Amino acid sequence: MSRAAKLDVALIAATRFQAPEDVDWSTDAEGPEALIEFAGRACYETFDKPNPRTATNAAYVRHIMEVGHAALFEHATATMYIRGISRAATHEFLRHRHFSFSQLSQRFTHDEPTVVLPPAIAEDEELSRLMLNAAQDLAFIHDDLLGALEEKLGTNPLATRQARQAARYVLPAATESRMVVTGNYRTWRHFIAARATEHADVELRTLAIECLRLLRVEAPTAFGDFDISTLADGTEMATSPYVAEF
Ligand SMILES: Cc1cc2nc3c(=O)[nH]c(=O)nc-3n(C[C@H](O)[C@H](O)[C@H](O)COP(=O)(O)OP(=O)(O)OC[C@H]3O[C@@H](n4cnc5c(N)ncnc54)[C@H](O)[C@@H]3O)c2cc1C
């Protein structure tokens, strides 16, 4: 029987920063946000913090956002492992060209077909059953096609790959996918700004907000300007006053 996949996002890699020992500078943050400040101060060698208004790391990072010096955010990166996302949503995600992606091959299929139910379907028992049955039917057709193609093309490794490649065309856009995604903070901010709005597809919006929450733990100031709110339908969106500068 086919089953519904649940979104799961994990931060699996993040920037580690070590200030050079021969530079007389310290700050009250660590990791990616310390790196962003270091990169900014390196531009004018203001390691002595001549401006008292930007002496803390949070004030400095916020100032960068205000003046739109977005390139500094490119030094810090974060990698997510995402499961329970549909091929429909990964297709939209892949449009963001500054990320690096590694995605589960559709030539590889789980024994039990897993699909992502859009919220409008997931909240309705009858519609969920309809969609899961459709996914199961397509999985049967996929297996029949694969069997027939293997018979036709043979079972050497190349033929098996070609058979799987052709059979997957029948799989639905709802098929669960998995991916490792790496991006710098400027890219993550741009993605969140574009996809966490109420106009974006709900699945990708949910993912964008999930990533935002994880990134906020890593870098509370660099992602702290996004305000998360709940829409009338119960889903969430996020906006920032600074996205125009980025
Ligand atoms: C609500 C919504 C609806 C959408 N609907 C559709 C749709 O109907 N059809 C469709 O095809 N797409 C649609 N999209 C996708 C959209 O067109 C973009 O492909 C996607 O949002 C990626 O964003 P981006 O192009 O700004 O750039 P990214 O690839 O994320 O790059 C970030 C920024 O880098 C710069 N950049 C990147 N590459 C270049 C380049 N080659 N030249 C110059 N500058 C560059 C730009 O400033 C860009 O904004 C939709 C997106 C959203 C959010």
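Computed from a predicted model, the values in this text were never measured in an experiment.

(A) Layout of the overall build of the chain. Check the secondary structure of the chain and you find eight helices and eight strands. Taken over C-alpha atoms, the radius of gyration comes to 23 Å for the chain, far larger than the 18 Å a tight globule of 246 residues would show. Overall size of the chain, expressed as C-alpha extent along the three principal axes, is 75 × 50 × 25 Å. Counting over 246 residues, the chain shows a buried share of 41%. Within the chain, contacts between residues separated by at least 24 positions form 69% of all contacts whose residues are at least 6 apart in sequence. A total of about 13,500 Å² of accessible surface is found on the chain, and carbon and sulfur atoms cover 50% of it. Considering the chain, the positive charge centre built from 24 side chains and the negative charge centre built from 35 side chains are found 5 Å apart.

(B) Main features of the site of the ligand. Residues in close proximity to the ligand include Arg95, His96, Arg97, His98, His190, Ala194, Arg195 and His199, which together make up its full environment. At 3.0 Å, a side-chain N or O of His96 approaches an oxygen atom of the ligand. The protein chains hide 43% of the 930 Å² of surface that the ligand would expose on its own. When the residues that make up the shell around the ligand are grouped by side-chain class, the tally is one nonpolar, four polar and three charged.

(C) Representation of the UniProt feature "active site" (unreviewed entry) in the chain within the structure. The UniProt record annotates "active site" (unreviewed entry) at Arg195. On the secondary structure map, Arg195 appears in helix α7 (residues 185–195). Reaching out from Arg195, the side chain makes a polar contact with the backbone oxygen of Glu92 at a distance of 3.5 Å.

(D) How the structure looks around the pairing of strand β7 (residues 227–230). Across four bridges, the pairing between β7 and strand β8 (residues 236–239) is antiparallel. Each bridged residue has a counterpart across the sheet, and for Asp227 the counterpart in β8 is Thr239. Taking the residues that link successive antiparallel strands as the turn, the β7-β8 hairpin has five residues, and the phi of Gly234 there is positive, at about 90°.

(E) View of the environment of Ile12. One can find Ile12 in strand β2 (residues 8–14). As a C-alpha pair, Ile12 and Phe191 span 179 residues in sequence and 18 Å in three-dimensional space. Contacts of Ile12, omitting those with residues within four sequence positions, involve Thr79, Met80, Tyr81 and Val180.

(F) Highlighting the UniProt feature "binding site: dUMP" (unreviewed entry) in the chain. Those residues carrying the UniProt feature "binding site: dUMP" (unreviewed entry) are Glu92, Phe93, Leu94, Arg95, Gln103, Leu104, Ser105, Gln106, Arg107, Arg168 and Arg195 in this numbering. Across 104 residues in sequence, these annotated residues place their C-alpha atoms as far as 28.4 Å from one another, rather than forming a single compact spot. Note that Leu104 resides in the loop between β4 (100–103) and β5 (114–115). Residue classification places Leu104 among the partly exposed residues on the basis of a relative accessible area of 25%.

(G) Inspection of the pattern of salt bridges at higher detail. Throughout the structure, instances matching the rule amount to eight salt bridges. Here Arg83 ties to Asp8 by a salt bridge, and the two come within 3.3 Å at their closest N and O atoms. A residue pair is termed long-range when its members are at least 10 positions apart, and Arg83 in strand β3 (residues 77–86) and Asp8 in strand β2 qualify at 75 residues. Assessed through its relative accessible area of 30%, Arg83 is described here as partly exposed. On the accessibility criterion, Asp8 (34% relative accessible area) is partly exposed. Across the pair Arg195 and Glu92 runs a salt bridge, and its minimum N-O distance is 3.6 Å. Placement of the pair is Arg195 in helix α7 and Glu92 in helix α3 (residues 87–93), with a sequence separation of 103 residues.

Basis of the calculations
Sequence order sets the numbering: in each chain, residues are counted from 1 along the sequence as written. With the structure being a predicted model, the display of local features is reserved for residues of pLDDT at least 70 and the display and counting of side-chain atom pairs for 80 or more, all residues being used for whole-chain, interface and lining totals. Side-chain metrics in this entry use all non-hydrogen atoms of the structure; hydrogen atoms and water are not considered. Numbering of helices and strands starts at the N terminus; helices are DSSP runs of H or I of at least 4 residues and strands are runs of E of at least 2. We compute the radius of gyration from the C-alpha atoms alone; for a globule the expected value is 2.2 Å times N to the 0.38, where N is the number of residues. Accessible area is worked out with a 1.4 Å probe on protein chains only. A residue is then buried under 20% of its type maximum, exposed over 50%, and partly exposed in between. Every residue pair with non-hydrogen atoms within 4.5 Å of one another is taken to be in contact. A 1.4 Å probe and the Shrake-Rupley method give the accessible areas. Residues count as covered only by the protein chains that appear here. When charges are tallied, Lys and Arg are placed among the positive residues and Asp and Glu among the negative ones, while His and the ends of the chain are skipped. Where a charge lies is defined by one atom per residue type, namely NZ (Lys), CZ (Arg), CG (Asp) and CD (Glu). What makes a residue near a molecule or strand is one non-hydrogen atom of that residue sitting within 4 Å of it. Whenever a nitrogen or oxygen atom comes within 3.5 Å of another N or O atom, the pair is scored as a polar contact, on the condition that within protein one atom can donate a hydrogen and the other can accept it, and that pairs from neighbouring residues in sequence are kept only if both atoms are in side chains. Here the nonpolar group is Ala, Val, Leu, Ile, Met, Phe, Trp, Tyr, Cys and Pro; Asp, Glu, Lys and Arg are the charged ones; every other residue, Gly included, is treated as polar. UniProt positions are given in the numbering used here, feature names are shortened, and annotations may be inferred rather than shown by experiment. DSSP calls a pair of strands paired once it identifies at least 2 bridges connecting them. Take a side-chain nitrogen of Lys or Arg and a carboxyl oxygen of Asp or Glu: if they are within 4 Å of each other, that pair is a salt bridge.

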